Structure formats: structure tokens, C-alpha cells
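This is what each chain is made of:
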Amino acid sequence: MAFTGEATKQAFPDVPVIRYEGPSTTNMLAFRHYDPDAIVEGRPMREHLRFAVSYWHTFRGTGSDPFGAPTMVRPWEQGGDPLAAAISRTAVAFEFLEKLGIEYYCFHDRDVAPEGATLAESNNYLDAVAAELKRHQDRTGIKLLWGTANLFSHPRYVHGAATSCNAEVFAYAAAQVKKAIETTRALGGAGYVFWGGREGYQCLWNTDMKREIDHLARFMHMAVDYAKEIGFSGQFYFEPKPREPTKHQYDYDCAACINFLRANGLEQYVKMNIETNHATLAGHEMQHELEYAGMQGFLGSIDANTGDTLVGWDTDQFPTNIYLTTQIMYTILKYGGLAPGGINFDAKVRRESFEPVDLFHAHIGGMDAFARGLKIAAAMRADGSIQRLLEERYASWSAPLGKRIESGSETFRSLEAEMLAKGEAAACRSGRQELFENLLNTYF
């Protein structure tokens, strides 16, 4: 993908097109490991990784926090007419995407277009900005990975959206999601994400949990039905998160989400969009969430970030830990990849990193970290040492008794007879955790 040069030159005038220069380069505005055309396990690196930029953090983030005002230097945020600013901002976004060589982006409806005084006005604003996004997509070949609706920022969603105690808020949310799905379809989006930012509770005494969860299921069936009606064939995703902004959110983790989907007949329509920082908030490693979704057939897409282990909230930092990216890519390769999903950088530069060029440094670092993780994971799979150790640990299940149990041909009675005859189970093998961890280190 070549930079066309049409996009505004005011946003990043001093940043060149970012290119692969190899591990030995000293250029900090170049890739050391991400070579989009390099072949890994028979496919180009770009197809394995399918990187996307999040519109909200990257182009709309201000650096404000509960203790301080915005810090970000963003020349494209000049105020004035909100719609004109939103349309102008699309050129900034595509300049960034082109220079970085990223082929996908993701957005919430209210990231790209302003909220109007009425639903009709908001829809008109979104149509106007979507037309400009479509023009840039056609010009550059950049695509929409997935869209979504912001059902958590506006005061109307103070009690949630699909789970609100106010039926008219449920109706408004349905109308907003209807429009967001239409817009995603019009832009050729490969998927659509549902994140229940306020679909949960702060206090159980004032919450009818069963009713709220039933309403969420009804909402999702409406979304599925409407997607079929308009011919939207993109993948639906749930994004698990245990808390923030509510005390408890119904999409707590992959296990909770998959249980909800199966309990409500939605399992064939929705997969998981899994975020690292959300996994750790739920008390899991990202590898756990990916493995759980993968083994259940629900692995769909990921939000690439990380949290700070010393901070107990959603810090959305850029991923630079090679062990983390290797764990992620090993599991993704194991389950056949993410397409039509991808790796969306749902991450924000630190409040103290306020210059526009910092956005490039952050994404370059994240992309290189995932490229290294991909290469290491592929080497581990090719070598097979980890897999052989795993198979040795479970060797008894490949023996006749283990095979009979797994096939379903044994019963409690037959197993009792087996053990009465033997008298005692065979001695267990060592778990050799340290050996596994030491072997992993040899690939770095």
C-alpha cells in the first residue's frame, strides 16, 4: 500500500512513510521486525496480523484524566463547526494510516461523527462523515475492520443501554445500533462489535438481573435479525470486560459471554473480540482468554494493548512485551488465525506523550512487538519441542485406557473394576513447569 499524498500535510508533516529497515536500523521511525510481505507459515505477515488503528484513542484522545485537563497537541482539533471538523479529521486519519502502512481501522459511531440534538441529526452527521470515509477508503484501499456504537458516554445511558431500566433508552439504543450496522455495511466493514460499557450493575438491590440479561438477549436477536434483513454478512463480536465503568458487567469474561450466547441461542452469530487489559481486569492472562475462546470455537478478533500490573484499572497501554505477543500469536496460530478479525490497537499514548509523532512511535513499537511474537511463535511451532513436552505429559491418555475413557466407552463401574484390579493408579509425571519456561526462553 503506497502513500498517495492526498491527505492533509498539516497533521504529520515531518513524519515519512514508515518502512521496514530490519533489526539493525537506528531509525526510530522504521520497522525492525514488521515486514508486511515476509512469509510466515505460508502467508504474508500482514495477513496474519491484520493490524487496525482505533479511531477513538488515536485521533480523538485528549490525554485528560480524572485529575487533569487534556494535554495532547492535536492540530486537527481546532473547534468550530463539529461536522466540518469531523470531515476534516478523516483526512488526518488516513494520512496516519497510509504513512504507517496499516490497512484497517475501527470506530465507534460517535468517534467519527458528532452527536446531534436529535437522533435524526446524529444520523445525518454520521452519513456525511461516512461518505468521506468511503471516499478515502476507495482512494487508498484501506478497509474498515469493524464498527460499533457508543452506548455508554451520553447521559441517557446512565443505567445502561440494552439493559437500561428505561424502555425508551432501550429503543434509542436499538435505533443507534441499527444505524451503526448500516454504516458499517456501507463502508464494507468485516465485522461489528458489541461492548456493554454500562450493561451491568452498581448495586444488586436496585437491579433485576434476570430481566436485564433477558433484555440484552432480546436486543442481540434484534441485531441479528436486522443484519440478515439488510444483507450484512460481517462477523458480530462481543468484547468481554468485567468492570469499569460499572461494578459488574454482564460480559465479564469469555466464559460468561459464551455461556450467555449459548443460553440464548446466539452462539452461531457472535464470536469474541478479546482485549488484553480486559482479560487482566477479570483476573486472567490474555493467553487464558484466547485459549478458552479458541477451544470453544469463539475466537474472533483482538484488541491489542496491555495494562500496568501495579495499577488496577484499564490503562490501555501499547503492547511492547515480547513474551505477551508471543503467547498471543502462538494461540492465534494454533486456532487458525483471526480473519475476518484482526489486531486492533485499542491503546492510547500516555498523557505525558503528547506530541503527534508519539502516535507513530507507539504504533511502530506495537507492530514490531507483534511481528516478533509472530516469528517466535512460528519458530516454536516448527520446532515442536513445546508440543512434544505437552504430549509426553498427557501420554497416558494416548494409552488404551485413556483412549477408551475419551471415546465414551468406559463407565464408573468399568473404571472401578479397572482400579480394583490394579489396586493403585500409576505414579504421576512431573509437570516440569520450569523446563517449559526455560525452553520458551530459548526462542527469544
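All residue numbers refer to position in the chain's written sequence, counted from 1. Only residues with pLDDT of at least 70 get local features here, since the model is predicted, and only at 80 or more are side-chain atom pairs given and counted; chain-wide, interface and lining totals rely on the full set of residues. Side-chain figures throughout are based on the complete set of non-hydrogen atoms in the structure, without hydrogens or water.

1. Notes on the overall build of the chain
Step number 1: When helices and strands are tallied, the chain shows 16 helices and twelve strands.
Step number 2: Taking 22 Å as the expected radius of gyration for a compact globule of 444 residues, we find that the chain reaches 24 Å, a close match to that expectation.
Step number 3: Overall, the C-alpha framework of the chain stretches about 85 × 60 × 45 Å when taken along its three principal axes.
Step number 4: Buried means the residue's accessible area, taken with a 1.4 Å probe over protein chains only, is under 20% of the maximum for its type, while exposed means over 50%, and partly exposed covers the values in between. Looking at the 444 residues of the chain, the share that counts as buried comes to 50%.
Step number 5: Counting contacts in the chain only where the partners sit at least 6 residues apart, residues at least 24 apart contribute 76% of the total.
Step number 6: Accessible surface for the chain amounts to roughly 20900 Å². Of this, 53% is attributable to carbon and sulfur atoms.
Step number 7: Charge assignment in this entry is limited to Lys and Arg as positive and Asp and Glu as negative, and neither His nor the chain termini are counted. By convention, the charge on Lys lies at NZ, on Arg at CZ, on Asp at CG and on Glu at CD. Averaging the coordinates of the 44 positive side-chain charges in the chain and doing the same for the 56 negative ones gives two points 3 Å apart. By definition, any uninterrupted DSSP run of H or I lasting at least four residues is a helix, any uninterrupted run of E lasting at least two residues is a strand, and each is numbered from the N terminus. Atoms counted for the radius of gyration: C-alpha only. Globule rule: 2.2 Å times residue count to the power 0.38. Contacts are assigned to residue pairs that have any heavy atoms within 4.5 Å of one another. Methods summary: accessible areas were calculated by the Shrake-Rupley approach with a probe of 1.4 Å, and residue burial reflects only the protein chains presented.

2. Observations concerning empty space enclosed by the protein
Step number 1: Cavities and pockets are defined on a 1 Å grid built over the protein atoms alone: a cavity is a set of grid points where a 1.4 Å probe fits but cannot escape, while a pocket is an open set with protein on both sides within 12 Å along at least five of seven lines, and lining residues are those with an atom within 4 Å of any such point. Grid points are joined across faces, edges and corners, and a volume is the space filled by probe spheres set on the points. Tallied over the entire structure, the rule returns one cavity of 30 Å³ or more.
Step number 2: Each pocket or cavity is described by its volume, and for the largest cavity that value is around 210 Å³.
Step number 3: Elements with a minimum of two residues in the lining of the largest cavity: β6 (191-194) and α7 (209-230).
Step number 4: For this classification, the nonpolar set comprises Ala, Val, Leu, Ile, Met, Phe, Trp, Tyr, Cys and Pro, the charged set comprises Asp, Glu, Lys and Arg, and every other residue, Gly included, is treated as polar. Of the residues in the lining of the largest cavity, the class split is 14 nonpolar, two polar and three charged.

3. Points about helix α10 (residues 286-296)
Step number 1: Taken together, the buried positions of α10 are Met286, Glu289, Leu290, Ala293 and Gly294. Down the axis of α10, the sector holding all buried residues measures 125°, keeping them to one side.
Step number 2: Directly after α10, the chain includes glycine 297, whose backbone phi takes a positive value near 80°. Arc, as used here, means the arc of the directions from the helix axis to the C-beta atoms.

4. Considerations on a nonpolar patch on the surface
Step number 1: A cluster of nonpolar side chains, contributed by Leu390, Tyr394, Trp397 and Ile405, occupies part of the molecular surface with about 350 Å² of accessible area.
Step number 2: Looking at where isoleucine 405 falls in the secondary structure, it is placed in helix α14 (residues 400-407).
Step number 3: Taking relative accessible area as the criterion, isoleucine 405 reaches 31% and is therefore assigned partly exposed. The patch calculation keeps residues exceeding 30% relative accessible area without a salt bridge and links them within 9 Å when they carry like charges or within 5 Å when they are nonpolar (Val, Leu, Ile, Met, Phe, Trp, Tyr). By definition, a salt bridge exists where a carboxyl oxygen of Asp or Glu is found within 4 Å of a side-chain nitrogen of Lys or Arg.

5. Some thoughts on the nonpolar core
Step number 1: Buried Ala, Val, Leu, Ile, Met, Phe, Trp, Tyr and Cys residues form a nonpolar core when they are joined through side-chain atoms within 4.5 Å. Core analysis: the biggest nonpolar cluster contains 111 residues, and Tyr105, Phe236, Met272 and Phe370 have the highest contact counts within it.
Step number 2: Sorting elements by how many residues they give to this core places helix α12 (residues 357-383) first, with 13 residues.
Step number 3: Counting residues in each nonpolar core, the second largest holds eight residues, with Tyr104, Cys106, Leu145 and Trp146 among its members.

6. Side note on the layout of surface pockets
Step number 1: Estimates place the volume of the largest pocket at around 1400 Å³.
Step number 2: As for the largest pocket, its lining consists of 42 residues, of which His57, Ser64, Asp314, Asp316 and Lys348 are closest to the centre.
Step number 3: The set of elements that each furnish at least two residues to the lining of the largest pocket consists of α2 (55-60) and β5 (143-148).
Step number 4: Ranked by residue count, the leading element in the lining of the largest pocket is α2, at three residues.
Step number 5: Class assignment for the residues of the lining of the largest pocket results in twelve nonpolar, twelve polar and 18 charged.
Step number 6: In this model, the second largest pocket occupies a volume close to 800 Å³.
Step number 7: If you go around the second largest pocket, you meet 22 residues; those closest to its centre are Gln287, Tyr330, Ile386, Leu390 and Phe436.
Step number 8: Secondary-structure elements contributing two or more residues to the lining of the second largest pocket are α10, α11 (322-334), α12, α13 (385-393) and α16 (433-441).
Step number 9: Counting residues per element, the lining of the second largest pocket draws most heavily on α11, at five residues.

7. Considering the side chain of glutamate 410
Step number 1: Structurally, glutamate 410 can be placed in the loop between α14 and α15 (412-422).
Step number 2: Under the relative-accessibility criterion, glutamate 410 is labelled buried at 17%.
Step number 3: Side-chain polar atoms of glutamate 410 contact the side chain of arginine 404, separated by 2.5 Å.
Step number 4: Here a polar contact is recorded for every N or O atom pair within 3.5 Å, except that within protein the pair must consist of a potential hydrogen donor and a potential acceptor, and residues adjacent in sequence are included only if both atoms are side-chain atoms. A polar contact is formed between the side chain of glutamate 410 and the side chain of serine 414, at a distance of 2.4 Å.
Step number 5: Setting aside its immediate chain neighbours within four residues, glutamate 410 contacts Leu401, Arg404, Ile405 and Leu415.

8. Section: the packing of helix α3 (residues 82-100) against helix α5 (residues 119-140)
Helix-helix packing: each pair is described by the crossing angle between the helix axes and the interaxial distance.
Step number 1: Contact pair α3 / α5: the axes reach a minimum separation of 10 Å and the direction vectors enclose 25°. Judged on the interaxial angle alone, α5 and α3 are roughly parallel. The interaxial crossing formed by α3 with α5 has right-handed handedness. Residue-level inspection shows Leu83, Ala86, Ile87, Thr90, Ala91, Phe94 and Glu98 of α3 in contact with α5, the latter providing Tyr125, Ala128, Val129, Glu132, Leu133, His136, Gln137, Arg139 and Thr140.
Step number 2: Looking at the contact of α3 with α5, its residues break down into nine nonpolar, four polar and three charged. A fitted line through C-alpha atoms serves as each axis, taken over the contacting stretch for helices, and the angle formed by two N-to-C directions is quoted from 0 to 180°. The scheme is simple: roughly parallel for angles under 35 degrees, roughly antiparallel for over 145, roughly perpendicular for 65 to 115, oblique for anything else. Each helix crossing is assigned a hand: it is left-handed if the near helix lies turned anticlockwise from the far helix by less than a right angle, otherwise right-handed if that turn is clockwise.

9. Topic: unusual backbone geometry
Step number 1: Note the cis peptide between glutamate 244 and proline 245, where omega equals 10°.
Step number 2: Among the secondary structure elements, proline 245 is positioned in the loop between β8 (235-238) and β9 (248-249).
Step number 3: Of note, the phi angle at glutamate 41 is positive, near 50°, even though the residue is not glycine.
Step number 4: In this fold, glutamate 41 is placed in the loop between β1 (39-40) and β2 (43-44).
Step number 5: In this structure, arginine 432 takes a positive phi of about 50° despite not being glycine.
Step number 6: Mapped onto the fold, arginine 432 is located in the loop between α15 and α16.
Step number 7: On the basis of relative accessible area, arginine 432 is assigned to the partly exposed category, the value being 49%.

By themselves, these figures tell us nothing about what the structure is for.
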